Amino acid sequence: MKNLHIKNYLNFGIGKKILALCLVFCIILPILVGGIAYYIAIGVMNQETKINLINQVSSTKILTSNIDKISQKSQDKNAVIEILKQQIRDTSVGTTGYMYVLNSEGILQAHPNLEGESVAQYDFIQEILKEKEGYIKYVWEGRDKVVAYAYYEPFDWIIASGSYLDEFERPL
């Protein structure tokens with residue numbers, strides 16, 4: 001039976017053989033190339049996301065340092081720092097992400113909803129507290145989330161910026 005199919009194929013005219021080869025190269029090859037290109041593009045986007053988050057945290061750390069210098073000369077240092085914390089709270093990242101600040105004990109110093117609460121019980125927070133500066137990817141509520149963070153020692157602040165990874169992978 002198997003030999004019959006091979007013989008039937010061999011008996012096809014040149015036109016049908018060329019058509020069969022064209023179908024293979026016009027369907028299978030583009031799917032293969034497209035798949036490879038997709039995975040390369042995702043890798044590039046993930047790297048760009050990491051760079052953008054790190055840059056955002058670095059800029060906020062520089063701003064914090066400048067605000068710290070200004071607050072040293074201010075009559076009301078706490079009011080100046082509160083302005084900075086409000087700026088951090090108001091910063092959105094991606095679609096649903098945000099910036100936040102925690103101290104070395106894992107207590108949120110600035111956060112859109114949980115300020116003053118401890119988040120030290122989470123494994124990814126433990127890594128952030130240990131490393132104090134870097135980039136982390138973890139699963140939150142079934143989705144990959146990414147956070148870049150940097151330490152500002154004079155305030156004992158770990159400044160963090162993050163969002164769900166898929167928010168950076170969506171088409172514009």
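The present account deals with the structure reproduced in this document. (Residues numbered from 1 in each chain as written. Predicted model: local features only at pLDDT ≥ 70, side-chain atom pairs only at ≥ 80, totals over all residues. Heavy atoms only, no water.)

1. Considerations on the packing of aromatic side chains
Piece 1. Considering all chains together, one arrives at seven aromatic pairs under this definition.
Piece 2. Between Phe124 and Trp140, the ring centres sit 5.8 Å apart and the planes meet at 80°, which makes this aromatic pair edge-to-face. On the criterion of sequence distance, the pair formed by Phe124 in helix H4 (residues 123-131) and Trp140 in strand S4 (residues 134-140) is long-range, its members being 16 residues apart.
Piece 3. Residue class for Phe124 comes out buried when judged on its relative accessible area of 13%.
Piece 4. On the basis of relative accessibility, which here comes to 25%, the residue Trp140 falls in the partly exposed class.
Piece 5. An aromatic cluster is defined as three or more aromatic residues linked by ring pairs; in this entry it consists of Tyr122, Phe124, Tyr138 and Trp140.
Piece 6. Over the aromatic face of Tyr151 sits the side chain of Lys132, whose NZ or CZ is 4.6 Å from the ring centroid.
Piece 7. The lysine or arginine in question, Arg143, covers the ring of Tyr164, its NZ or CZ lying 3.8 Å from the ring centre. (Phe/Tyr/Trp six-rings, centres within 6.5 Å; stacked < 30°, edge-to-face > 60°. Helix = DSSP H or I, 4+ residues; strand = E, 2+ residues; numbered from the N terminus. Buried < 20%, exposed > 50% of the residue type's maximum accessible area, 1.4 Å probe, protein only. Lys NZ or Arg CZ within 6 Å of the ring centre and 35° of its normal.)

So, to be careful, I would describe these as geometric facts and stop short of saying anything about function.
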